[in-house]
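Observations on the model geometry
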Amino acid sequence: MEVLLYIFFAAVGVQVIFFIFYLVTLAKTPIKKPDQALPVSVIICAHDEEQNLKELIPILLSQNHSEFEIIIVDDRSNDGTFDLLLQETAKDHRLRMVHVNRTPQLFNAKKYALTLGIKAAKYEWLLLTDADCRPEGKNWLSSVARHFSPNTQFVLGFSPYQQRPGFLNAFIRFETLLTGIQYVSFALAGMPFMGVGRNLSYRRSKFLEVKGFNNFTKVTGGDDDLFVNQHARKTNTAVCIDKDSIVSSVPKTTFGSFFKQKVRHLSVGKYYRFGHRLLLGLFTLSWMLTWFIGIPLAILSPLKYVVVGLLLFRIIIVVVTSNVASKKLHQKFESWIVPLLDFIYAFYYLVTGIKALATKKVRWKN
């Protein structure tokens, strides 16, 4: 019992340190950068995305930016994506299509499609998103472009999931908010470790210089977070979380599809740099230990009131951090449900983490 108490106290202490770090870092006021008209190439990979593209293309073409192009890579689609793009590219010269008939052996389909899109781009700055994403306004390109500079090679954006009814949607948005808190905070502190491909910008020349995804071509996923992890550093990375820069995404609607998505994402984590794996592992392990040890101690320990007090104190910090982050990242979130999601997250991560470690092969799309 005494050993468990020490472990519990240590876990809570680690959690408090992390969340105070997040609060302090997110409290920083970003430097307001002047508008600039650097051209941008928007890259989107699409596999059977006809319906999403019908909504997305007009939104992108209506962006208030002086010079940009949109490159959509039709990756072996079986629906009407190809025909739709033929029609739309004929209407506006800023919209271009790259068609993929097949993926070479030993090459991940998403990375191959993305590589072809990047090679086809004519501008230095690339801005990546997905077909099921929606910029929140008409100034997305301009907002991100304000963070381009001679020394910058990466600009990390944020992409929340759209709010829908139901508990699953609340959990998805909580998990996404927590991920945003982590990578935005660490990047603001000069330790970028990931980005999300739904809202990520980097230089074309940097991609070509490092030979793209050659170091992890066989890994499913990682075209965003692993690429950033390998090449983003304090001196070459900027963070863009302006209100105009937010890109929302359509959330999964079933537990099964969400679980598969998160296993794919987490399976890439083992390829992160050692220091990042250590910090993220410490944060997650301390989260799980806080609940897995804290609950039994709150019932059985002679110091159960102390244990309960520490659990409540940590919950308050999590709620406060979530509230501050939701405002900073322009994502509305219901604070009242955070304690429940906090508790469930420990079990969720245990299951998905084990599954991600055990799974040898995951897929992007068929």
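A few points on the structure. Quantities reported herein were computed from a predicted structural model and do not represent experimental measurements. (Residues numbered from 1 in each chain as written. Predicted model: local features only at pLDDT ≥ 70, side-chain atom pairs only at ≥ 80, totals over all residues. Heavy atoms only, no water.)

1. Regarding the overall build of the chain
- Of the regular secondary structure elements, the chain holds 12 helices and nine strands.
- In terms of C-alpha radius of gyration, the chain reaches 21 Å, essentially the compact-globule figure of 21 Å for 366 residues.
- Dimensions of the chain, computed from C-alpha atoms along their principal axes, come out at roughly 75 × 45 × 40 Å.
- Buried positions account for 54% of the 366 residues belonging to the chain.
- In the chain, of all internal contacts separated by at least 6 residues, the share reaching a separation of at least 24 is 85%.
- Approximately 16700 Å² of the chain is accessible, and the part contributed by carbon and sulfur atoms is 61%. (Helix = DSSP H or I, 4+ residues; strand = E, 2+ residues; numbered from the N terminus. Rg over C-alpha atoms; globule rule 2.2 N^0.38 Å. Buried < 20%, exposed > 50% of the residue type's maximum accessible area, 1.4 Å probe, protein only. Contact = heavy atoms within 4.5 Å. Areas by Shrake-Rupley, 256 points an atom, 1.4 Å probe, with all protein chains shown as cover.)

2. Structural notes on the pattern of salt bridges
- What the rule picks out here adds up to 12 salt bridges.
- Glu69 is the salt-bridge partner of Arg96, the closest N and O atoms lying 2.6 Å from each other. In this pair, Arg96 sits in strand β3 (residues 95-100) while Glu69 sits in strand β2 (residues 68-75), placing the two residues 27 residues apart along the sequence.
- Since its relative accessible area comes to 1%, Glu69 is described here as buried.
- The salt bridge partner of Glu334 is Arg173, with a shortest N-O separation of 3.0 Å. One end of the pair, Glu334, is in the loop between α11 (304-328) and α12 (338-358); the other, Arg173, is in helix α6 (residues 167-188), and 161 residues separate them in sequence. Of the two residues examined, Glu334 and Arg173, each falls in the buried class. (Salt bridge = Lys/Arg side-chain N within 4 Å of Asp/Glu carboxyl O.)

3. Side note on helix α10 (residues 274-300)
- Helix length check: α10 (27 residues) gives 37 Å between terminal C-alpha atoms against 39 Å at 1.5 Å per residue, within 8%.
- Of all the bends in α10, the largest measures some 30° and sits at Gly294, one to four residues before the proline Pro296. (Expected span 1.5 Å × (residues − 1). Bend = angle between axes of the 7 residues up to and from the residue.)

4. Describing the packing of aromatic side chains
- Applying the stated criterion across every chain yields a total of 35 aromatic pairs.
- Considering the side-chain rings of Phe186 and Phe193, the 5.7 Å spacing of their centres and the 80° angle between planes classify their relative orientation as edge-to-face.
- On the basis of relative accessible area, Phe186 is assigned to the buried category, the value being 5%.
- Residue placement shows Arg314 over the ring face of Trp287; its charged tip is 4.8 Å from the ring centre. (Phe/Tyr/Trp six-rings, centres within 6.5 Å; stacked < 30°, edge-to-face > 60°. Lys NZ or Arg CZ within 6 Å of the ring centre and 35° of its normal.)

5. Concerning the nonpolar core
- In terms of nonpolar packing, the biggest core is built from 78 residues, with Leu114, Tyr202, Phe227 and Trp287 touching the most fellow members.
- Among the elements that make up this core, the one with the highest residue count is α6 (12 residues).
- Not counting chain neighbours up to four residues away, the residues in contact with Tyr202 comprise Leu114, Ile118, Glu124, Trp125, Leu126, Leu128, Gln153, Phe154, Phe207, Phe213, Asp223 and Phe227.
- The next biggest cluster of nonpolar side chains, apart from the first, holds 28 residues, and it includes Leu53, Leu61, Ala238 and Cys240. (Core = buried A, V, L, I, M, F, W, Y, C linked by side-chain atoms within 4.5 Å.)

6. Some remarks on the packing of α6 against α11
- At a minimum axis separation of 10 Å, α6 and α11 run at an interaxial angle of 80°. Accordingly, the angle class assigned to the pair α6 and α11 is roughly perpendicular. When α6 is examined against α11, the residues Phe174, Leu177 and Ile181 are found in contact with a partner set consisting of Thr321, Ser322, Ala325 and Ser326.
- Considered class by class, the residues forming the contact of α6 with α11 number four nonpolar, three polar and no charged. (Axes fitted to C-alpha atoms, helices over the stretch in contact; angles between N-to-C directions. Parallel < 35°, antiparallel > 145°, perpendicular 65-115°, else oblique. Nonpolar A, V, L, I, M, F, W, Y, C, P; charged D, E, K, R; others polar.)

7. Some points on helix α3 (residues 81-91)
- Turning to α3, its buried residues are Thr81, Leu84, Leu85 and Glu88. The arc enclosing the buried residues of α3, seen along the axis, measures out at 95°, which places them on a common side.
- Buried positions along α3 lie against α2 (50-61), β2 and β3. (Arc of directions from axis to C-beta.)

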